[in-house]
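Listed below, chain by chain, are the residues.
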Amino acid sequence: MSKKRGLSLEEKREKMLEIFYESQDFFLLKELEKLGPKKGVITQSVKDVVQSLVDDDLVLKDKIGTSVYFWSLPSCAGNQLRNVHRKLESDLHSSKKRLSELAGQCNALKKGREESDEREQAMEELKAIEQKHNELKDEMGQYADNDPAAFEAMKNAIEVAHAAANRWTDNIFTLRQWCSNNFPQAKEQLELMYKEVGITDDFDYLELSPIPLSSVGDQAIEGCP
């Protein structure tokens, strides 16, 4: 024998509503959990099913003292369904109106765009112009290194990095002098440590070489129309 099929959620909702409609009474949740199995709704499902009915305004609930009561009347469900029906009708009317507006806009846009030899030729010209535009944009990208604004930003960044490097060099010299003054007996160990980290006798401030502006300027001028 085939196993008996369980109730779907919608079927459970209908069964629980029957309990309310038949008695037209107020119930506690524990009372509904006892009545549910008589309608084929297992006790463990009653709470979730009732809550789904509450969420859809098909069942009302209210707290009286420390207890929560649930109730529903056929008239309440009828009013709810009528409200839903009115809303759906309103949405349908709005959708039909919007569809009509879009259809009118679509027909208006089609005017002047009928397939013809002239239109096909214009589309080909447009594609050629777009392709040329992309080629020119790629070519402009190749001259980005000669952009005066980009060059100025690069020069400023170099100056900032140079100043920072020499500031740290100055800090190192200050630290070496402090170590020499405070730990004269550890001079050899300190010199060995300096060499291990790359601070040798030729360690000194960095000099900022002048940037050859003439060559850059010439390239920028050559790139100008």
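Before reading on, note that the structure itself is shown above.
Here's a quick rundown of the structure. What you see is a predicted model, and the numbers here were worked out from it, not measured in a lab.

Inspection of the entire model under this criterion finds two aromatic pairs. An angle of 80 degrees between the planes, with centres 5.6 Å apart, marks the rings of Phe20 and Phe27 as edge-to-face. Pair check on accessibility: Phe20 and Phe27 agree, each one buried.

A few words now on the side chain of Lys12. As for its placement among the helices and strands, Lys12 is situated in helix α1 (residues 9-23). One buried charged residue, Lys12, forms no salt bridge at all, with the nearest opposite charge on Asp48 at 8.4 Å. Setting aside its immediate chain neighbours within four residues, Lys12 contacts Leu7, Val41, Ser45 and Val49.

A cluster of nonpolar side chains, namely Met154, Ile158 and Leu208, defines an oily patch on the protein surface of about 270 Å² accessible area. When its relative accessible area of 44% is taken as the criterion, Leu208 is described as partly exposed.

Before going further, it helps to spend a moment on unusual backbone geometry. Notably, Gln24 is not glycine yet its phi reads approximately 50 degrees, a positive angle. With respect to the element layout, Gln24 can be found in the loop between α1 and β1 (27-28). Of note, Asp57 is a non-glycine position whose phi angle comes to about 60 degrees, a positive value. Exposure remark for Asp57: the relative accessible area of 44% places this residue in the partly exposed category.

Reading the values: rules and limits
- Residues numbered from 1 in each chain as written.
- Predicted model: local features only at pLDDT ≥ 70, side-chain atom pairs only at ≥ 80, totals over all residues.
- Heavy atoms only, no water.
- Phe/Tyr/Trp six-rings, centres within 6.5 Å; stacked < 30°, edge-to-face > 60°.
- Buried < 20%, exposed > 50% of the residue type's maximum accessible area, 1.4 Å probe, protein only.
- Helix = DSSP H or I, 4+ residues; strand = E, 2+ residues; numbered from the N terminus.
- Lys, Arg positive; Asp, Glu negative; His and termini not counted.
- Salt bridge = Lys/Arg side-chain N within 4 Å of Asp/Glu carboxyl O.
- Contact = heavy atoms within 4.5 Å.
- Patch = residues over 30% accessible without salt bridge, like charges linked within 9 Å, V, L, I, M, F, W, Y side chains within 5 Å.
- Areas by Shrake-Rupley, 256 points an atom, 1.4 Å probe, with all protein chains shown as cover.

Taken by themselves, the reported measurements are silent on function.
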